[in-house]
Structure formats: structure tokens, C-alpha cells
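Spelled out from the first residue to the last, the chains are:
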Amino acid sequence: MEKFFLYMLVLCWKIIPCTTCELSNITIVLEKEECAACISVNATWCSGYCDTKDPNLKYPHKSEKQRVCTYTEVTYETVKIPGCPEKVNPFYTYPVAVDCHCGRCNSETTDCTVRGLGPTHCSLSQD
């Protein structure tokens, strides 16, 4: 009976996707150097883990594409940054994820390196 239970557990683990790649709420700070203020906005972005393989030891000459948690679709939202001089465009457009999946990172539209979601603070001096 124990072997049957273990077999069923392994079978279910292989069948049920164990990824947690999903939309997450984030807060980002938007600013322009020319403007006297910055604002925090709430947005959604993709975060989580995807199944990956390390074929280096088994097949050293085979190139394996690693899957990452990335967006399927994005929309763009625009906000007005307060405190901008008249000659400066006060509008800032930023991407917001609509749907996520585990797939290849598209380096033409995304920075595929490891980095933080920042900035989470305003770099302008708040006197």
C-alpha cells in the first residue's frame, strides 16, 4: 500500500503544474529629474518560479532554453508627475502586466538579467 501511495504522489506531482508564476501587486516610484516631485503607483507584474532543467551534466553539447516567469501581455498606463516646469512633459508611461506564464524571456522587450523590481523610493532630495 505504501508503494502505491508513493507512486500516486509522484504521478500527481508530474501531472499537476507546480509553478507559481502569477501576477503580483507591486508599488513603484516614478520620477523625472526635471520635476520637483515623485509619485508612488500600484501596478501588477509577474513573479514566481517555473520548472527548470540543468542539462549540463547529462547533455553538455545540447542547448536548453530555461523558462522564467514572464508576462504574456502588458498594457501601458500613464500618470502625470506633479511639479514639472512648463517646458517639461509631465507624463510618465509605465508597463503593467495583464497575464503571466512560464516561458522564454524575450530579450528584445525585456531585461532578462537578475535585478530588483525597484525603485521603491524617491531619489529626489526631499527637503
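The coordinates are above.
A brief look at the structure comes next. Per chain, residue numbering runs from 1 following the sequence as it is written. Local features in this predicted model are restricted to residues whose pLDDT is 70 or higher, and side-chain atom pairs enter the listing and the counts only when it is 80 or higher, whereas totals over whole chains, interfaces and linings include all residues. Side-chain numbers come from the whole structure's heavy atoms, not from hydrogens or water.

## With respect to the overall build of the protein
Part 1 of the argument: Each helix and strand counted, the protein has one helix and four strands in total.
Part 2 of the argument: Secondary structure elements are taken from DSSP: a helix is a run of H or I of four residues or more, a strand is a run of E of two residues or more, and numbering for both begins at the N terminus. Starting at the N terminus, the α and β elements of the protein follow one another as α-β-β-β-β.
Part 3 of the argument: Taking all 127 residues of the protein together, the buried fraction comes to 22%.
Part 4 of the argument: Long-range pairs, those at least 24 residues apart, make up 64% of the contacts in the protein with a sequence separation of at least 6.
Part 5 of the argument: Here the protein displays about 10300 Å² of accessible surface, and carbon together with sulfur accounts for 55% of that area. Categorising residues by exposure relies on relative accessible area from a 1.4 Å probe, with only protein chains included: less than 20% of the type maximum marks a residue as buried, more than 50% marks it as exposed, and the intermediate range marks it as partly exposed. Two residues form a contact once any of their heavy atoms are found within 4.5 Å. A 1.4 Å probe and the Shrake-Rupley method give the accessible areas. Residues count as covered only by the protein chains that appear here.

## Quick look at the environment of C105
Part 1 of the argument: Mapped onto the elements of the fold, C105 is located in the segment after β4 (91–103).
Part 2 of the argument: Distance in space between the C-alpha atoms of C105 and R67 is 7.3 Å, their sequence separation being 38 residues.

## Some remarks on the nonpolar core
Part 1 of the argument: Of all hydrophobic cores here, the largest spans eleven residues; its members are I26, I28, L30, C35, V41, A43, V79, I81, V88, Y94 and V96.
Part 2 of the argument: For this core, the secondary-structure elements that each account for two or more residues are β1 (22–31), β2 (38–47) and β4.
Part 3 of the argument: If one sorts the elements of this core by residue count, β1 sits on top with three residues.
Part 4 of the argument: Counting residues in each nonpolar core, the second largest holds eight residues, with C69, Y71, C100 and C102 among its members. Residues enter a nonpolar core if they are buried and are Ala, Val, Leu, Ile, Met, Phe, Trp, Tyr or Cys, with the set joined through side-chain atoms within 4.5 Å.

## Things to note about the state of the cysteines
Part 1 of the argument: The term disulfide is used for any two cysteine sulfur atoms that are within 2.5 Å. On inspection of all chains with the given rule, the structure shows four disulfides.
Part 2 of the argument: What pairs with C21 in a disulfide is C69, and their sulfur atoms sit 2.2 Å apart. An S-S torsion of about 80 degrees defines the bridge between C21 and C69 as right-handed. Taken together, the residues C21 in the loop between α1 (2–15) and β1 and C69 in strand β3 (residues 68–80) connect sequence positions 48 residues apart.
Part 3 of the argument: The buried category is assigned to C21, whose relative accessible area is 15%.
Part 4 of the argument: For C69, a relative accessible area of 18% gives the class buried.
Part 5 of the argument: Between C35 and C84 runs a disulfide, and the two sulfur atoms are separated by 1.9 Å. Between C35 and C84, the S-S torsion sits near 95 degrees, and that sign places the bridge as right-handed. Here the residue C35 occupies a position in the loop between β1 and β2, and C84 occupies one in the loop between β3 and β4, the gap between them amounting to 49 residues.

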